Each structure stands twice: as C-alpha cells, then as structure tokens.
Amino acid sequence: MSDALLTSTDREETLSRVYAHAVAAIAGYTTAVYDYDRDGVDIRIQSGGAMRPALELQLKATIGLGEPDGNGRFHFPLKQRNYEQLIIDTQTPRLLVVLELPRDESQWATIATDELVLRRRTYWLNLKGNEETNNRASTTVYIPQENVFDIDNLRKLMDQSRTGSIH
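Let me sum up the structure you'll find in this document.

Rules and cut-offs
- Residues numbered from 1 in each chain as written.
- Predicted model: local features only at pLDDT ≥ 70, side-chain atom pairs only at ≥ 80, totals over all residues.
- Heavy atoms only, no water.
- Axes fitted to C-alpha atoms, helices over the stretch in contact; angles between N-to-C directions.
- Helix = DSSP H or I, 4+ residues; strand = E, 2+ residues; numbered from the N terminus.
- Parallel < 35°, antiparallel > 145°, perpendicular 65-115°, else oblique.
- Contact = heavy atoms within 4.5 Å.
- Nonpolar A, V, L, I, M, F, W, Y, C, P; charged D, E, K, R; others polar.
- Buried < 20%, exposed > 50% of the residue type's maximum accessible area, 1.4 Å probe, protein only.
- Polar contact = N/O pair within 3.5 Å; in protein donor to acceptor, adjacent residues only side chain to side chain.
- Expected span 1.5 Å × (residues − 1).
- Arc of directions from axis to C-beta.
- Pairing = 2+ DSSP bridges.
- Core = buried A, V, L, I, M, F, W, Y, C linked by side-chain atoms within 4.5 Å.

This part covers the packing of helix 1 (residues 8-27) against helix 3 (residues 151-163). In the contact formed by helix 1 and helix 3, the axes pass within 9 Å of each other and the chain directions differ by 75°. As judged from the angle between their axes, helix 1 and helix 3 are roughly perpendicular. On the side of helix 1, the interface is formed by V23, A24, I26 and A27, while helix 3 contributes I151, L154 and R155. Among the residues making up the contact of helix 1 with helix 3, the classes are represented as six nonpolar, no polar and one charged.

What follows is about the environment of N82. In this fold, N82 is placed in helix 2 (residues 80-87). We classify N82 as buried; its relative accessible area is 5%. It is 5.9 Å that separates the C-alpha atoms of N82 and G40, two residues lying 42 residues apart in sequence. What N82 contacts, discounting residues up to four positions off in sequence, is Q58 and K60. A polar atom in the side chain of N82 sits 2.9 Å from the side chain of K60.

Given a rise of 1.5 Å per residue, 13 residues ought to cover 18 Å, and the 19 Å separating the end C-alpha atoms of helix 3 matches this to within 8%. Residues of helix 3 that are buried: N153, L154, L157, M158, Q160 and S161. In an axial view of helix 3, the angular spread of the buried residues amounts to 165°, which keeps them on one side of the axis. Away from its buried face by more than 90 degrees, helix 3 exposes D152 and T163.

A word on the pairing of strand 6 (residues 109-112). When strand 6 meets strand 7 (residues 115-118), the two strands line up antiparallel, connected through four bridges. Looking at strand 7, one finds that I111 is bridged to L116. Where strand 6 folds back onto strand 7 in an antiparallel hairpin, the turn is made up of two residues.

Here the focus is the pairing of strand 8 (residues 122-125). Side-chain positions along a regular strand alternate between the two faces of the sheet. Covered by surrounding structure in strand 8 are T122 and W124 together with Y123 and L125, the residues of both alternating faces. The pairing of strand 5 (residues 94-100) with strand 8 spans four bridges and is classified as antiparallel. Residue pairing across strands places L96 opposite L125, the latter belonging to strand 8.

Attention now goes to the sheet that holds strand 5. What links the strands of a sheet is backbone hydrogen bonding, and the strands pair in either a parallel or an antiparallel sense. Judged by pairing direction, the sheet is mixed, and its five strands sit side by side in the order 1-2-3-5-8 without closing on themselves. Edge positions in the sheet fall to strand 1 (30-33) and strand 8, since each of these pairs with one other strand and no more. The mean angle between the axes of side-by-side strands here comes to 30°, regardless of whether they run parallel or antiparallel. Sheet strands in contact with helix 2 are strand 3 (54-62) and strand 5, and its direction is about 140° off that of strand 5. Together, strand 2 (43-46), strand 3, strand 5 and strand 8 form the strand contacts of helix 3, whose direction differs from that of strand 3 by roughly 140°.

Let us now look at the nonpolar core. For soluble globular proteins, the rule of thumb is that nonpolar side chains tend to be buried together. Judged by nonpolar contacts, the single largest core of 24 residues is most densely connected at I45, L55, L57, L95, F149 and L154. Mapped onto this core, the elements with two or more residues apiece are helix 1, strand 2, strand 3, strand 5 and helix 3. Looking at this core element by element, the count peaks at six residues for helix 1. Every residue in contact with I45, bar those within four places of it in the chain, is listed here: A20, A24, Y29, T30, T31, P53, A54, L55, L57, F149, L154 and M158. Counting 15 residues, the second-largest nonpolar core is a separate cluster that includes Y83, L86, V98 and L125.

In structure tokens form, the structure reads like this:
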C-alpha cells in the first residue's frame, strides 16, 4: 500500500515548476507563483536591469514528447484553453514551457550526496500571434528542438523581453 498523496500527473506538474524555478534561480531572477491559474500563467520570472523585463510561463510536463520530426520540431497536443490563452497579445510575453520526462518514473530524478539530477530537458515556445482554431479539445503545437529552456536561453529570452522582440 502506497502512502503517496500525489498522482503521477501531480508529480509531473511539480517537477516542471521545480525545473523552471531552478533555471531562474541560477540565472539570478526572481519567480512568483500566482494563487490561481485563471489566466494561463503558472509562474512569472522577473529580471533586473533596464525595463525590468519579465516572462510568464504556462508549464507542462510529458513523458510522450518523442523524437523531433524531419524539421527538428516536437509535436505537443496543448489543451485548447491553454492554446487560446497563449496566442493573445499581452504586455508581458507568455511562453509555453514543456518538461520532457523519461517514461520510467524511477528515472525522473536522482538524489545523491554530491548531486541532484532531474532528467531530460525543457523546451519553450512562443505562441503569440498564432491563429485561432475551431478545435474543442486541443491544438497540436510544434516546438523547435533548439528551443531548450536553460540558463543561457532564459537570459536571451529576458533580453528579448526587454526589447519586445521574443520570437
């Protein structure tokens, strides 16, 4: 009998938050979690400097991202509500951030005396300006393989946010 309170999906969601917080912390940025996800935003990352740029993230996690297609893109079915919230024009850029986890839950993380390892990668996608769809359940989005959500790319995204030019 297990005493776990969290479902597998709960754990996936929590790990996606942990990953985003860790990347932001190492980059030297603050994070804020909203009390309620009513507007498609799970976390806000804020930097200092001119214009005090920020990003708002919709976090997802999956064990089924698979291999990129012939164009170097991952196919990800995004719930329609989330898609509609990410395509609108907002002052603070909104990004979809998807954590890819191994299929075997025992491989998601390893904690040892000298390391904490969270396995696989996280990818980002800017959907601002995408067209509305008539889909009811989900819309498949295409995430470029090079859009890794890591420290260097977060810093680049913050610089782009500062100038209003995230692409």
